[in-house]
Structure formats: structure tokens, C-alpha cells
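Each chain, letter by letter, is given below.
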Amino acid sequence: MHKKSPSKIWRKFKSRYLLIGSKSKKTDKAYYPPVFVEPENSNTEFEAYRFENEAKLITWSEVNAPPAGFEDMKPYIVGILEFKNGERITTQIVDVDYNKLQKGDVFIPTFRKYFEDGKDGIIHYGLKWTKV
Amino acid sequence: MKQVYVNGGYTTKFGELWKRDFRDLGVEAAVNAVQNSKINLQDIDVLYVANMAASHYTGQDHLGALFATELGLDCPAFHIEAACASGSAAIRAGFLDLLSGSSENALILGVEKMTDVNTKNATEGLSGASDEEWEAFYGVTFPSLYAMIAREHMNRYGTSHEQLAMCSVKNHKHGTLNPDAHFQKEITVEQVLRSPVVADPLKLFDSSPISDGAAAIVMSSKKKSEIRLIASGHAQDSLALHDRKDITILEATIKAKERAFKQSKLKNKDIDIMEVHDCFSIAEILAYEDLGFVEKGKGGQFVESGDTQMDGSIPTNLSGGLKAAGHPVGATGVKQAVEIVKQLTGKAGKRQVQKDMKYGLTHNIGGSGATCIVNIFEKI
């Protein structure tokens, strides 16, 4: 299972745990997830940029047919959130009443377990988001 | 300028084909497509194999070599992968190859064997068409991506659950007339609405099935037939849904259609019949809007109007679409082409549209809209 390789996970620690994106040295626009090439002008020079711990809900769904590795969480909520500058992320949403979710709800990140590599394997963590 | 003719096509039965394997499905489609084209296998001078995830589902890679071996060919053979749009991407590759003069007879084979793994592994395999690091990592599935599109479309334009269901009802109705379809049973709006929720708001009957199957066509720059492939528009958008400017618009569809229409010098009103990508009911509604048959937000009403039924103004998904005909991913785009060729040549049997038709369009999406290919066929 390629997604359970420890190195595959820790390579993304800064982006996934600290919301580090990339800020263009040419336009000052910040991107999350980080990009290698700026779409509008092909710029490749960026600096690290930390996104805020707050984002607004754009759309969401409750997953009842999960892929391998997520069976124990069923059902779980996924959503697309938007930062202040318009950048968006896809994530899991937790500790909310699904039926009361509304577009524009404000969310903050919380550190949670994502999946584990079998009973004796590594437990992988990451950010999920919860309502303010 | 060279012309590209479609000389023959064939589709295997689609479905959960427990007794069939990856190879024999592909060989059945390829051999029969060549026989229908009235040329010999040895006349094939290039082979394109469309497939999304054989290595995940069957453990097999090197698909060009695999099917060249099985068919006794030593011509160049390529594997084309563009997720669910692999079939149309392979047709486009063959189209460009023939136009270039590099080859004269191209065999395009689309094949997928998905039921050798269980459902959760099949779902995981399909997730590879999304952004693995920034979508699938978080447990996001394809149904949930389209569900998030559907929620926003419903919120913004008032598209109803019933209108979504009508896409599935129509496609199942058409599927009853296609003996090769995965499902040959009519369903009702009520049944769709009562079916289990896969990813809210999408239900099981809003969703295309996991299918096995293969389809093939033979295209030629020399041997003339009554069908030509006259345009192939291809466009990309961001891999991840969250990176789109507007998640209710598939920009790749708009651009692919514009490119195909520019090549063919056609307009929407010229298209007589089409097969569009209905991996989920909302995808068919987006297709009507982004292909320009109705304005944004009116796709639900368009389905409700009956215009896309067999006897409507623009009959759509007479094969049963992905929903009823099935969705063996790599085969889907080729099956769409086979259906359009059958319809334009009057060989579609019980589902034959009863009107004079000259132009047919196929619309094939990869992922949640990251790839779109629009191919246009003409009856000469």
C-alpha cells in the first residue's frame, strides 16, 4: 500500500501539519497546497507561507462507501474549505452535526488519526477540521 | 488533408463477468472490431490500448506488448491512460497518428477488468484518478467529489434530487434496449431516491457501476467507410476539484468542445446524437451545460424536458450511458464511439434513433473533470 509508506507521509509534514504553502516571489500570491510553478506566469520562485488556522466551508459530503484503509471511519464527512485569500483545501470534517452544516461555516484544524498500517504498523496522523 | 475513417467497431458484454479475464475480453473486442472493418489483423500498423488501472486491478502492466502478443502483431503498440477518459484519449492518439501519415490502420482497444478486486479496493483504484496527495489521502472518493459538485449545483441553481434521478432513469430505459449493457432493467425516480446513499447527496442509483468489459474500433486513413472521425478536442483542468475556479463548471469540457467545434466548423445545433460522460447523474447535467446545449444551471430542467430521450431533440446515451451500459473505465470512451458509429449507420437495433443523423459527439471525462476529450463523427 503506497499511501502507508512512512517517508511518503513525513515528506509532507510541514504542509499537512503546519499548513505551509508557497508564496510567489513574483506576485506575492500564496498557494495551498504548495505549487512548483505559478499557473499565471510560469514563475518558479517561491517562499514558504503559513496559512491561517481558519477556513470557510464551501461544500461537503458524507462518505458511506469508503476506500480501503478508511472502513473503520464510515460514515465520515469530507469537505472543501476556503482560506481568506481564496485558496481551497479538501479535508475531513469532524465533531459536527452533519445535518446542521451550512456553506460559510468557519472551521479550525485539529490533529487526528487518519489511518494505520495494520494492527502492528505505523499510525498516520494529520489535520482534520472542526467547527469553531 | 488526410481523412480518418472508422471502419469497424465492437463492444463486448459489459458487467460483472466472473468467467472472463482481462486478456480474453480485450482479444474478443479487438478481433471482432478488425473483422467488422473487413481488413486483416496483419494490416493493423499501430495499436493503442486504453486502460486506467490494470496494474491495480489485475497486476498487469506493459499493455501494448500484452495485446500485441495476444493478437500476433509486431507493430508499435502503446498504452494510453487518462483515467476514465482513456478510451477517447486513445482514439485521439490514433486520429493524430493517422493524420500524420505515420500509420494507415489503427486499432484502438479499450479494456478494463475491475471485479477481480473487492469493492473497497476498486474504489481505492478509482481514487488514483483524483489528486492522491491532496484529495484521496483524506479518504475522499470519486462519489464524494461529484457529491460535493452536486451539493453546490443544487444550492446555487436549485437542481433537484428528482432531476438528478431522471438522468439515471433515462439511461436505464435506454440500457434495456442494449443487449451488451451491464443493467437491462428500467428503474423509477422513486427507486433512485430510495437507493442507499453512497456519498450524500448522491445515491447508489446516481452512480455508474464497477464493470468489466472491452470495446474496440479500427480507424483507417486509406480504406473508406461511411463514417469519418472529423474532430478531436482535448483539454485539461486542475487535477484536484478544490483548485477549480468554480466547482460547478468543468472548464475542460468547455475547452475540449470549443476545440472540437473549431476543427469541425460545427455548432451545437449540428449535433444529432451524443454519448456523454454520466459517471454520476450530476456529471450528465454538467455535460449538457458545459457542452453548451443549455445555459449553466439549466441542465436539470433539460433532462426533465425529455429532450435527451431517444425521441428527443438531442438523444443522449442511447447505449445506456455509463450508468446502465456500465463503466469498465478504459473501455468507456471507445464504447461511446462504437455506439455513435452504430447509430449513424443505422445498426443500433432496438435502440436505433429514428431520424436522419449526420453528426454524433462523444464526451469523455477523466477524474472529476481534469481531462475532457470531445470527439465528433460524421456520416458521409
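For clarity, every value in this text was computed on a predicted model and none was experimentally measured.

Before going further, it helps to examine the overall build of chain A. On a plain count of helices and strands, chain A comes out with 2 helices and 8 strands. For chain A, the succession of helices and strands along the chain, N to C, is α-α-β-β-β-β-β-β-β-β. In terms of its C-alpha atoms, chain A occupies a principal-axis envelope of roughly 45 × 35 × 20 Å. When the 132 residues of chain A are sorted by exposure, 45% land in the buried category. Summarising the internal contacts of chain A: among those between residues at least 6 apart in sequence, 46% fall at separations of at least 24. As presented, chain A carries roughly 7,100 Å² of accessible surface, and 50% of it is formed by carbon and sulfur atoms. Chain A carries 23 positive and 18 negative side-chain charges, and their two centres are separated by 1 Å.

Counting 87 residues, the largest nonpolar core has Trp129 of chain A together with Tyr146, Ile271, Ile282 and Ile376 of chain B as its most contacted members. Residue contributions to this core peak at 8 residues, all from helix H6 (residues 142–157) of chain B. In this structure, Ile271 of chain B is in contact with Phe261, Leu266, Phe293, Ile314, Tyr359, Leu361 and Ile376 of chain B, ignoring residues within four places of it in sequence. Membership of the second largest hydrophobic core comes to 33 residues, among which are Ile80, Met219, Leu344 and Met357 of chain B.

Our focus in this paragraph is the pattern of salt bridges. Overall, the coordinates contain 24 salt bridges over all chains when judged by the stated rule. In this structure, Glu71 of chain A engages Lys120 of chain B in a salt bridge whose closest nitrogen and oxygen atoms are separated by 3.0 Å. Separated into two different chains, Glu71 of chain A in the loop between strand S4 (55–63) and strand S5 (76–82) and Lys120 of chain B in helix H5 (residues 119–127) make up a pair that spans both. Note on Lys120 of chain B: relative accessible area 32%, which makes it partly exposed. Here the residues in one salt-bridge network are Lys103 of chain A together with Glu152, Arg156 and Asp246 of chain B, joined through shared partners.

Our next topic: the side chain of Ser238 of chain B. Residues and elements named next belong to chain B. Within the secondary structure, Ser238 is located in the loop between strand S8 (227–236) and helix H9 (251–264). Taking relative accessible area as the criterion, Ser238 reaches 19% and is therefore assigned buried. In terms of polar contacts, Ser238 uses its side chain to reach the backbone carbonyl oxygen of Ala240, at 2.9 Å. Setting aside anything within four residues of it in sequence, one finds Ser238 in contact with Asp243, Arg244 and Ala370.

Residue and element names in this part refer to chain B. It is the contact of helix H4 (residues 86–100) with helix H13 (residues 329–344), at a shortest axis distance of 5 Å, that shows an interaxial angle of 60°. On the basis of their axis angle, the class for H4 and H13 is oblique. Each of Ser86, Gly87, Ser88 and Ile91 in H4 lies in contact with H13, whose residues at this interface are Gly330, Gly333, Val334, Gln336 and Ala337. Looking at side-chain class alone, the contact of H4 with H13 contains 3 nonpolar, 6 polar and no charged residues.

All right, on to the interface of chain A and chain B then. Of the residues lining the interface, 38 residues belong to chain A; the matching set on chain B comes to 27 residues. With both sides pooled, the region where chain A packs onto chain B buries about 3,000 Å², and carbon together with sulfur makes up 57% of that total. Considering only the side of chain A, the residues that lose the most area to chain B are Arg16, Arg88 and Thr90 of chain A, jointly responsible for 20% of the buried surface there. On the surface where chain A and chain B come into contact, there are 4 salt bridges. At the boundary of chain A with chain B, the tally comes to 19 residue pairs in polar contact (both at pLDDT 80 or more). Among the secondary structure elements, those contributing two or more residues to the side of chain A that touches chain B are helix H1 (6–10), helix H2 (13–18), S4, S5, strand S6 (88–94) and strand S7 (106–116) of chain A. When residues of the side of chain A that touches chain B are assigned to their parent elements, the largest contribution, 6 residues, is made by S4 of chain A. Residue composition of the side of chain A that touches chain B, by class: 21 nonpolar, 9 polar and 8 charged.

Another point: the packing of aromatic side chains. What the rule picks out here adds up to 21 aromatic pairs over all chains. Here Phe51 of chain A and Phe83 of chain A contribute two aromatic rings whose centre-to-centre distance is 4.8 Å and whose plane-to-plane angle is 45°, an arrangement assigned as tilted. One end of the pair, Phe51 of chain A, is in the loop between strand S3 (46–50) and S4; the other, Phe83 of chain A, is in the loop between S5 and S6, with 32 residues separating them in the sequence. Each member of the pair, Phe51 of chain A as well as Phe83 of chain A, is classed as buried. Both rings, one in Phe83 of chain A and one in Trp129 of chain A, keep their centres 6.0 Å apart while their planes meet at 70°; by these two values the pair is edge-to-face. Of this pair, Phe83 of chain A sits in the loop between S5 and S6 while Trp129 of chain A sits in strand S8 (residues 123–131); the two residues are 46 residues apart in sequence, bridging distant segments of the chain. The class of Phe83 of chain A is buried, set by a relative accessible area of 1%. Following the ring pairs from residue to residue traces out a cluster consisting of Tyr32, Tyr49, Phe51, Phe83 and Trp129 of chain A together with Trp134 of chain B.

How each quantity is defined
- Residues numbered from 1 in each chain as written.
- Chains lettered and ligands numbered in written order.
- Predicted model: local features only at pLDDT ≥ 70, side-chain atom pairs only at ≥ 80, totals over all residues.
- Heavy atoms only, no water.
- Helix = DSSP H or I, 4+ residues; strand = E, 2+ residues; numbered from the N terminus.
- Buried < 20%, exposed > 50% of the residue type's maximum accessible area, 1.4 Å probe, protein only.
- Contact = heavy atoms within 4.5 Å.
- Areas by Shrake-Rupley, 256 points an atom, 1.4 Å probe, with all protein chains shown as cover.
- Lys, Arg positive; Asp, Glu negative; His and termini not counted.
- Charge placed at Lys NZ, Arg CZ, Asp CG, Glu CD.
- Core = buried A, V, L, I, M, F, W, Y, C linked by side-chain atoms within 4.5 Å.
- Salt bridge = Lys/Arg side-chain N within 4 Å of Asp/Glu carboxyl O.
- Polar contact = N/O pair within 3.5 Å; in protein donor to acceptor, adjacent residues only side chain to side chain.
- Axes fitted to C-alpha atoms, helices over the stretch in contact; angles between N-to-C directions.
- Parallel < 35°, antiparallel > 145°, perpendicular 65-115°, else oblique.
- Nonpolar A, V, L, I, M, F, W, Y, C, P; charged D, E, K, R; others polar.
- Buried area = accessible area lost by both parts, 1.4 Å probe.
- Phe/Tyr/Trp six-rings, centres within 6.5 Å; stacked < 30°, edge-to-face > 60°.

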